[in-house]
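# Survey of secondary and tertiary structure
Here is what each chain is made of, one letter per residue.
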Amino acid sequence: MRRHMQGSVPLARVFWWDMLLVGTLINLVAGGAALAAHVAGAPFWLAALIFLLPLPLNLLLILSVWRSTGKEAGGWSALARAASLVWLALMFVV
């Protein structure tokens, strides 16, 4: 986690593996669990809490992508930053 915060993890790994694959799966599981809790009659606040549990991880992943782009010499750094913001918005909706 410290390497992610420092931006020393390669951009390709942070973007493709950590954010798009692992982060998306965690968000989908949390969204499904929140929906299941709501359908099962759990209080709204509990379903909302379950849905929002991945938010700190999402923010860490976005920060990691942005910090890794600062150390990456490749030309897709700006695209990775923009895509990470779009991903964050989609994960908040999904």
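It should be noted that the structure appears before, not after, this text.
The following paragraphs examine the structure supplied in this document.

What counts as what
- Residues numbered from 1 in each chain as written.
- Predicted model: local features only at pLDDT ≥ 70, side-chain atom pairs only at ≥ 80, totals over all residues.
- Heavy atoms only, no water.
- Helix = DSSP H or I, 4+ residues; strand = E, 2+ residues; numbered from the N terminus.
- Buried < 20%, exposed > 50% of the residue type's maximum accessible area, 1.4 Å probe, protein only.
- Contact = heavy atoms within 4.5 Å.
- Areas by Shrake-Rupley, 256 points an atom, 1.4 Å probe, with all protein chains shown as cover.
- Core = buried A, V, L, I, M, F, W, Y, C linked by side-chain atoms within 4.5 Å.
- Patch = residues over 30% accessible without salt bridge, like charges linked within 9 Å, V, L, I, M, F, W, Y side chains within 5 Å.
- Salt bridge = Lys/Arg side-chain N within 4 Å of Asp/Glu carboxyl O.

The helix and strand inventory of the protein chain stands at five helices and zero strands. Each helix and strand of the protein chain, placed in order from N terminus to C terminus, yields the pattern α-α-α-α-α. Its C-alpha atoms give the protein chain principal-axis dimensions of roughly 50 × 25 × 15 Å. Sorting the 94 residues of the protein chain into buried and exposed places 32% on the buried side. In the protein chain, the share of contacts with a sequence separation of at least 24, taken over all contacts with a separation of at least 6, comes to 72%. Element-wise, carbon and sulfur atoms account for 77% of the exposed surface of the protein chain, whose accessible area totals about 5800 Å².

Time to look at the nonpolar core. General note: in soluble globular proteins, nonpolar side chains tend to be found buried as a group. In this structure, V9, L11, V14, F15, M19, L61, I62, V65, A80, W87 and M91 together form the largest nonpolar core, which totals eleven residues. Broken down by secondary-structure element, the contributors of at least two residues to this core are α2 (11-39), α4 (55-71) and α5 (77-93). The element best represented in this core is α2, accounting for four residues. Among residues more than four places away in sequence, those in contact with L11 are V65, S68, T69, E72, W76, S77 and A80.

As a further point, take the environment of L49. Tracing the chain through its elements places L49 in helix α3 (residues 44-52). Given the relative accessible area of 45%, L49 is considered partly exposed. Separated by 20 residues in the primary sequence, L49 and T69 have C-alpha atoms spaced 31 Å apart.

A word on a nonpolar patch on the surface. On the surface, a cluster of nonpolar side chains totalling about 900 Å² of accessible area is made up of W17, L21, V22, L25, I26, L28, V86, L90, V93 and V94. If you tally residues by element for the nonpolar patch, the top one is α2, at six residues. Taking the relative accessible area as the measure of exposure, W17 reaches 47% and is therefore partly exposed.

To continue, consider the environment of R81. Structurally, R81 can be placed in helix α5. Judged by its relative accessible area of 30%, R81 is partly exposed. Between the C-alpha atoms of R81 and V65, which are 16 residues apart in sequence, the distance is 6.7 Å. For R81, the contacting residues outside a window of four places in its chain are W66, T69 and G70.

Everything listed here is a matter of geometry and, on its own, says nothing about what the molecule does.
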